[in-house]
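So you can see what is in the structure, the chains are spelled out below.
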Amino acid sequence: MSGDSEAELGLYRVLSPEGEVVGEPDPGLSNETMRKMMHDMVVLRTFDQWMLKIHPLGKASRYAPVEGQEASVVGSVHSLSDVDWTFPTYRELTVGLLRGAPLTTLIHRMFATSLDHMKGHEITLYGDKRYRIVVGAGAVSLMCPVAVGMAMAAKKRGEKEVFLVYLGDGATSKGDFHEAINWAGVFKPPVIFFVQNNQWAISTPFKIQTAAPNIAVKAKAYGVPGIRVDGNDVLAVYTICKKFVEKAREGGGAALIEAVTYRMGPHTTADDPSKYRSEEEVEKMRALDPLKRLRIYLTRNGLWSNEEEQKIVENFREELRRATEEAEKTPPLNPRVIFEDVYAELPWHLREEMAELG
Ligand SMILES: Cc1ncc(C[n+]2csc(CCOP(=O)(O)OP(=O)(O)O)c2C)c(N)n1
Ligand SMILES: [Mg+2]
């Protein structure tokens with residue numbers, strides 16, 4: 001997918017970009033699950049377009065678009081069961097939606113209203129214990145050791161939970177990832193490192209991110225299976241994730257899954273990708289659109305229609321419009337919250353700052 005045929009070797013794929021079946025899907029994959037995954041990819045794209053549309057109006061905080069990576073996010077989330085835990089980054093804000101969080105909760109977050117359950121902290125991220133989503137951190141790869149630690153604890157307690165931690169290609173250059181995967185190799189906790197290799201870490205292209213030919217190969221050095229999957233093929237992502245999630249659940253240890261994909265949009269709404277990559281490159285990648293191939297496959301098999309998709313988009317846009325209106329009517333967060341939830345007793349210098357705030 002990077003356009004480098006050598007890097008494509010060993011890429012697991014079920015549907016070709018033209019929607020032809022070229023590999024084996026998970027034997028338990030039902031028509032209903034495929035339809036739900038198509039539905040969810042449409043929802044994610046609609047959410048993305050909405051966030052990008054309202055951001056320039058100055059209403060919402062910085063946003064990291066998911067366009068191009070919908071199959072990786074949807075396929076990985078669908079492979080999990082309700083008892084499993086996820087560790088999304090800013091790129092997977094929508095994991096909340098997919099795991100049952102109300103849309104309004106996410107919009108209150110993005111608008112930093114007084115109903116933001118996380119009080120404005122880590123505004124581009126989403127976490128909620130009720131949906132087994134652990135809130136991430138600004139520093140990339142920082143959640144890898146946390147996921148391994150939680151997975152080791154669950155294993156000790158004899159619980160059958162799996163822990164899936166998201167990270168990007170750039171994040172694999174950070175020490176936390178290497179320390180975490182080393183422990184995962186030694187202690188074999190039920191943890192999945194799900195790396196979305198979207199070819200860019202802000203303006204750093206993959207070819208200068210690492211001298212390794214791909215990310216999956218790094219896992220092998222730690223005694224952990226490393227698998228490369230076409231991250232724009234939701235059936236392939238689901239199939240590979242399901243296999244290694246269930247293996248981990250049964251005591252088979254960790255895995256690293258490299259979902260090879262492409263970030264179509266800017267890194268975040270604070271980025272201008274025209275400064276570092278060409279429009280031709282982006283257009284070339286459009287042919288590999290993750291929604292397109294499943295849409296073709298399902299339509300050909302009488303399981304999907306344009307009318308149905310249009311209805312989903314319209315209904316979800318209406319939900320977004322209502323949630324946005326609600327957030328706009330809600331008072332903003334009181335800035336005093338920045339002094340809360342860290343210290344049991346505020347130190348003197350913060351007490352002074354709080355007094356200054358009035
Ligand atoms: C430890 C650390 N270093 C640098 C940054 C600044 N930073 C934020 S996102 C990012 C790029 C990460 O790229 P990647 O891991 O590929 O994820 P992507 O944004 O492509 O999804 C960087 C360098 C950071 N947040 N944390
Ligand atoms: Mg990246």
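Residues numbered from 1 in each chain as written. Chains lettered and ligands numbered in written order. Predicted model: local features only at pLDDT ≥ 70, side-chain atom pairs only at ≥ 80, totals over all residues.

### Quick word on the overall build of the protein chain
Secondary structure assignment for the protein chain yields 13 helices and eight strands. Relative to the globule expectation of 21 Å for 358 residues, the C-alpha radius of gyration of the protein chain, 20 Å, shows essentially globular dimensions. Judged by the C-alpha coordinates and their principal axes, the protein chain covers about 65 × 50 × 40 Å. Here the protein chain holds 358 residues, and the buried ones make up 44% of them. (Helix = DSSP H or I, 4+ residues; strand = E, 2+ residues; numbered from the N terminus. Rg over C-alpha atoms; globule rule 2.2 N^0.38 Å. Buried ≥ 20, exposed ≤ 12 C-beta atoms within 10 Å, placed from the backbone.)

### Digging into the site of ligand 1
In the neighbourhood of ligand 1, 15 residues make up the surrounding shell, with Ala139, Gly168, Gly170, Ala171 and Ala201 lying closest. Among the residues making up the shell around ligand 1, the classes are represented as six nonpolar, five polar and four charged. (Near = placed C-beta within 6 Å. Nonpolar A, V, L, I, M, F, W, Y, C, P; charged D, E, K, R; others polar.)

### A short note on the packing of helix H1 (residues 31–54) against helix H12 (residues 306–329)
Taken N-terminus to C-terminus, the directions of H1 and H12 make an angle of 45 degrees; their axes are 10 Å apart at the nearest point. Taken as axis vectors, H1 and H12 run oblique relative to one another. In the crossing of H1 with H12, the sense of the turn from one axis to the other is right-handed. Counted together, His39, Val42, Val43, Thr46, Trp50 and Ile54 of H1 and Glu309, Ile312, Val313, Phe316, Arg317, Leu320 and Thr324 of H12 form the full contact between these two elements. (Axes fitted to C-alpha atoms, helices over the stretch in contact; angles between N-to-C directions. Parallel < 35°, antiparallel > 145°, perpendicular 65-115°, else oblique. Left-handed = near helix turned anticlockwise from the far one by under 90°. Contact = placed C-beta atoms within 7 Å.)

### Considering the sheet that holds strand E8 (residues 255–260)
Across the sheet, which stays open at both edges, the six strands sit in the order E1-E7-E8-E4-E3-E2 with parallel pairing between neighbours. Edge positions in the sheet fall to strand E1 (11–12) and strand E2 (85–87), since each of these pairs with one other strand and no more. Of the pairings in the sheet, the one linking strand E3 (residues 163–168) to strand E4 (residues 191–197) comprises six bridges and is parallel in character. Residue pairing across strands places Leu164 opposite Ile192, the latter belonging to E4. Helix H5 (residues 143–157) rests against E2, E3 and E4 of the sheet, and its axis sits at about 170 degrees to E3. (Pairing = 2+ DSSP bridges.)

### Points about the pairing of strand E7 (residues 226–230)
Burial runs high along E7: four of the five residues are buried. For the handedness criterion, the β-α-β arrangement of E7, helix H9 (residues 234–249) and E8 is classed as right-handed. (Right-handed = clockwise from strand over helix to strand, strands pointing away.)

### What to know about the UniProt feature "domain: Dehydrogenase E1 component" (unreviewed entry) in the protein chain
Within the UniProt annotation, "domain: Dehydrogenase E1 component" (unreviewed entry) is assigned to residues 40–335. A helix fraction of 45% and a strand fraction of 10% characterise residues 40–335, whose end C-alpha atoms lie 35 Å from each other. (UniProt positions renumbered as here; feature names shortened; annotations may be inferred.)

### Structural notes on the pairing of E8
The side chains of a regular strand alternate, first on one face of the sheet and then on the other. Extensive coverage of E8 is indicated by the burial of six of its six residues. Residues Ala255, Ile257 and Ala259 of E8 are buried on one face, and the alternating residues Leu256, Glu258 and Val260, pointing to the opposite face, are buried as well. Where E4 meets E8, six bridges bridge the pair, whose relative direction is parallel. Its bridge partner being in E8, Ile192 is matched across the sheet by Ala255. Examined bridge by bridge, E7 and E8 share five bridges and lie parallel to one another. Bridging across to E8, Ile227 finds its partner in Ile257.

### Focus: the packing of helix H2 (residues 70–78) against H9
Orientation of H2 relative to H9, taken along the N-to-C sense of each, is 35 degrees, at an axis distance of 8 Å. For the pair H2 and H9, the crossing hand works out as right-handed. Contacts between H2 and H9 involve Ala71, Ser72, Val74, Gly75, Ser76 and His78 from the former and Val234, Val237, Tyr238 and Cys241 from the latter. Residue composition of the contact of H2 with H9, by class: six nonpolar, four polar and no charged.

### Topic: H5
Along its 15 residues, H5 runs 21 Å from first to last C-alpha, staying within 8% of the 21 Å computed at 1.5 Å per residue. Those residues of H5 not exposed but buried are Met143, Cys144, Ala147, Val148, Met150, Ala151, Ala154 and Lys155. End-on, the buried residues of H5 take up no more than an arc of 165 degrees, which puts them together on one face. Along H5, exposed side chains directed more than 90 degrees from the buried face belong to Lys156 and Arg157. A positive phi of about 80 degrees marks Gly158, the residue just after H5. (Expected span 1.5 Å × (residues − 1). Arc of directions from axis to C-beta.)

### What about the nonpolar core?
Within the largest apolar cluster, 92 residues are counted, with the highest numbers of intra-cluster contacts made by Ala147, Val165, Val191, Ile192, Phe193 and Ile257. Once you skip the residues sitting within four places of it in the chain, Ile192 turns out to touch Val162, Leu164, Phe244, Val245, Ala248, Ala254, Ala255 and Ile257. (Core = buried A, V, L, I, M, F, W, Y, C linked by C-beta atoms within 7 Å.)

### Concerning unusual backbone geometry
Here Ala112, not a glycine, exhibits a phi torsion of approximately 50 degrees, which is positive. Along the chain, Ala112 falls in the loop between helix H4 (103–111) and H5. For Ala112, a count of 20 C-beta atoms within 10 Å corresponds to the buried category. The residue Arg132 is not glycine, and still its phi comes out positive at about 55 degrees. Relative to the elements of secondary structure, Arg132 occurs in the loop between H4 and H5.

### What to know about the environment of Glu345
Relative to the elements of secondary structure, Glu345 occurs in the loop between H12 and helix H13 (348–357). Given 6 C-beta atoms within 10 Å, Glu345 falls into the exposed group. Distance from Glu345 to Pro213, taken between C-alpha atoms, is 51 Å for residues 132 residues apart in sequence.

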